[in-house]
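Structural overview for review
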Amino acid sequence: LQSAGSRGEQARQLIIDLETRGKQAFPAFLSILRDTGQGDLAEMLIQECESRPVPPQLPDLRPVELELREEKQRTRFPFLTGVESCWISQQALRIRGSLIVMCPCQVYEMKADPCGHCLILNNVNFSRDSSLSTREGSDIDCEKLERRFKALRFTVLTRRDLKAQEMVLELQKLSRQDHSALDCCIVVILSHGCQTSHIQFPGGVYGTDGKPIPIEKIVNYFNGSNCPSLRGKPKLFFIQACGGEQRDQGFVVDCDSPEDEAPGASLESDATPFRVPSGNVDEPDAIACLPTPSDILVSYSTFPGFVSWREKSSGSWYVEMLDSVLEQYAHSEDLLDMLVRVARAVSAKGRYKQIPGCFNFLRKKFFFTCG
């Protein structure tokens, strides 16, 4: 398209490309423009279509490749027969400064204001009986994420220093709310963590009384069976906690990578030993009660079984990088691409190594709506 010449010539070339994708491609494309508030652009394309001869049908119906201006990468725009199969990859194509977004069937809708609820559970001080240390620096993490998710148009509720049962009650309270008018739900947990027996999602987080809650139990409060008003909507979980006690020394690679100071007095982990749940401790739901976890993403600060590092003065590596990446890229990139950036940044820090990861069961691309 860029080699076609003027804007008008680019528009005519786009019409030709669309019409080679089937009879319904061009009407479907116009419908997308109108649905995304770009009716003027749709009318311009109609005028260009009426002012030119009908192009012949081409036998080779391969996707058109377009080069993005800003990212300098190539993306495909296949247009197939029927509205359901029409989609546009990424927020990429610009004509006269107007942005053509992806087809709604490929992206989660984020039109509500606020977008949804964000619950942050921040455990800093633990009971003496728990043998768990004070999580210095966690308040810094909490403040960063409060500001970030408010800026991303979420209603943020923060609860500090909760026992395990109090955490469960807060999670259940949120899951039982009516989310019908909202588009998303976020849960952030900042606490000590451990390995637990699990079926779907590994790991557990501790209440201030030293009792663990399996991550999969937390997630399942919000699944389609337990939270009907969030069915089909993205449910995002961000977990800053250790997945175990292993300390990753890393391995040598050929390329150079930044190396921070070695772990010292200000560097702490959120690890605690693996404990087999007793009869009076929360356990994972039974297998028969676990539906498929669609539209759920759980982002972990570290790989299961390994330590997650936290600085007393600046907070955890994971939250620091998550906040920074969201600030820079939330307006232009989808969530999975941003989490890869977070993983790359965290993995380059320190003498001891850490690599965040996620369990992704989203069915569409997720873009934050920036205020």
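Everything below is about the structure printed above this text.
Please read all numbers here as calculations on a predicted model, not as lab measurements. (Residues numbered from 1 in each chain as written. Predicted model: local features only at pLDDT ≥ 70, side-chain atom pairs only at ≥ 80, totals over all residues. Heavy atoms only, no water.)

Cis peptide bonds are those with omega within 30 degrees of zero, and the linkage from D113 to P114 qualifies with 5°. Along the polypeptide, P114 turns up in the loop between strand 4 (98-100) and strand 5 (116-122). The phi dihedral of D295 is positive, around 65°, even though this residue is not glycine. If you trace the backbone, D295 turns up in the loop between strand 12 (267-269) and strand 13 (296-300). The exposure class assigned to D295 is buried, which follows from its relative accessible area of 2%. (Helix = DSSP H or I, 4+ residues; strand = E, 2+ residues; numbered from the N terminus. Buried < 20%, exposed > 50% of the residue type's maximum accessible area, 1.4 Å probe, protein only.)

Spatially, 8-9-10 is the arrangement adopted by the three strands of the open sheet, whose pairing is antiparallel. Both edges of this open sheet fall to strand 8 (193-194) and strand 10 (212-214), since each of them pairs with a single strand only. In this sheet, strand 9 (residues 204-206) lies alongside strand 8 in antiparallel orientation, the contact comprising two bridges. Pairing of G193 across the sheet is with V205, part of strand 9. (Pairing = 2+ DSSP bridges.)

A few words now on the sheet that holds strand 13. Pairing is mixed in the open sheet, where six strands are placed in the order 6-5-7-11-13-16. Looking at the sheet topology across the chains shown, the edges are occupied by strand 6 (154-160) and strand 16 (357-360). Neighbouring strand axes in the sheet, compared pairwise and without regard to direction, differ in orientation by 15° on average. Bridging between strand 5 and strand 7 (residues 184-190) involves seven bridges; their strand directions are parallel. Directly across from C118, in strand 7, lies its bridge partner I186. Each of strand 5, strand 6, strand 7 and strand 11 (235-240) touches helix 4 (residues 138-151); the most contacted strand, strand 6, lies at about 165° to it. Packed onto the sheet, helix 5 (residues 164-175) meets strand 5, strand 6 and strand 7 and runs at close to 180° relative to strand 5. (Axes fitted to C-alpha atoms, helices over the stretch in contact; angles between N-to-C directions. Contact = heavy atoms within 4.5 Å.)

Bringing helix 2 (residues 25-35) into the picture now. Taken together, the buried positions of helix 2 are A25, F26, A28, F29, L30, I32 and L33. One or two steps after helix 2, the chain reaches G37, where phi turns positive at roughly 75°.

This part covers the packing of helix 7 (residues 317-329) against helix 8 (residues 335-347). At a closest axis distance of 9 Å, the pairing of helix 7 and helix 8 adopts a crossing angle of 135°. Judged on the interaxial angle alone, helix 8 and helix 7 are oblique. Crossing hand, helix 7 versus helix 8: right-handed. Here helix 7 contributes W317, Y318, M321, L322, V325, L326 and Y329 to the contact with helix 8, which in turn contributes M338, L339, R341, V342, A345 and V346. In the contact of helix 7 with helix 8, the residues fall into 12 nonpolar, no polar and one charged. (Parallel < 35°, antiparallel > 145°, perpendicular 65-115°, else oblique. Left-handed = near helix turned anticlockwise from the far one by under 90°. Nonpolar A, V, L, I, M, F, W, Y, C, P; charged D, E, K, R; others polar.)

Applying the stated rule across the entire model yields nine aromatic pairs. Between F154 and F368, the ring centres sit 6.2 Å apart and the planes meet at 75°, which makes this aromatic pair edge-to-face. Of this pair, F154 sits in strand 6 while F368 sits in the segment after strand 16, and the two are 214 residues apart along the sequence. The two residues F154 and F368 agree in class, both being buried. With 5.8 Å between their ring centres and 65° between their planes, Y300 and F359 make a pair best called edge-to-face. Of the two residues, Y300 sits in strand 13 while F359 sits in strand 16, which places them 59 residues apart along the sequence. Seen from the ring of Y329, R341 lies directly overhead, with NZ or CZ sitting 3.7 Å from the centre. (Phe/Tyr/Trp six-rings, centres within 6.5 Å; stacked < 30°, edge-to-face > 60°. Lys NZ or Arg CZ within 6 Å of the ring centre and 35° of its normal.)

Applying the stated criterion across every chain yields a total of zero disulfides. Looking at C184, it has no disulfide partner, and the nearest cysteine sulfur is the one in C185, 6.9 Å off. (Disulfide = S-S within 2.5 Å.)

Turning to its location among the elements, F26 is positioned in helix 2. For F26, a relative accessible area of 9% puts it in the buried group. Separated by 12 residues in sequence, F26 and L14 have C-alpha atoms that sit 9.5 Å apart.

The subject of this paragraph is the side chain of S138. As for its placement among the helices and strands, S138 is situated in helix 4. Side chain to side chain, S138 and N122 meet in a polar contact 2.5 Å long. A distance of 2.7 Å separates a polar atom in the side chain of S138 from a polar atom in the side chain of R135. Excluding residues that lie within four positions of it along the chain, S138 makes contacts with N122, N123, V124, L190 and R310. (Polar contact = N/O pair within 3.5 Å; in protein donor to acceptor, adjacent residues only side chain to side chain.)

On to the pattern of salt bridges, then. Enumeration according to the criterion identifies 12 salt bridges in this entry. For D139, the salt bridge is made with R160, and the minimal N-O distance between the two is 2.8 Å. Of this pair, D139 sits in helix 4 while R160 sits in strand 6, and the two are 21 residues apart along the sequence. Note on R160: relative accessible area 40%, which makes it partly exposed. In this structure, the salt-bridge partner of E320 is K349, at a minimum N-O distance of 3.9 Å. Of this pair, E320 sits in helix 7 while K349 sits in the loop between helix 8 and strand 16, placing them 29 residues apart in sequence. Linked through salt bridges whose partners overlap, the residues forming this network are D139, R160 and D161. (Salt bridge = Lys/Arg side-chain N within 4 Å of Asp/Glu carboxyl O.)

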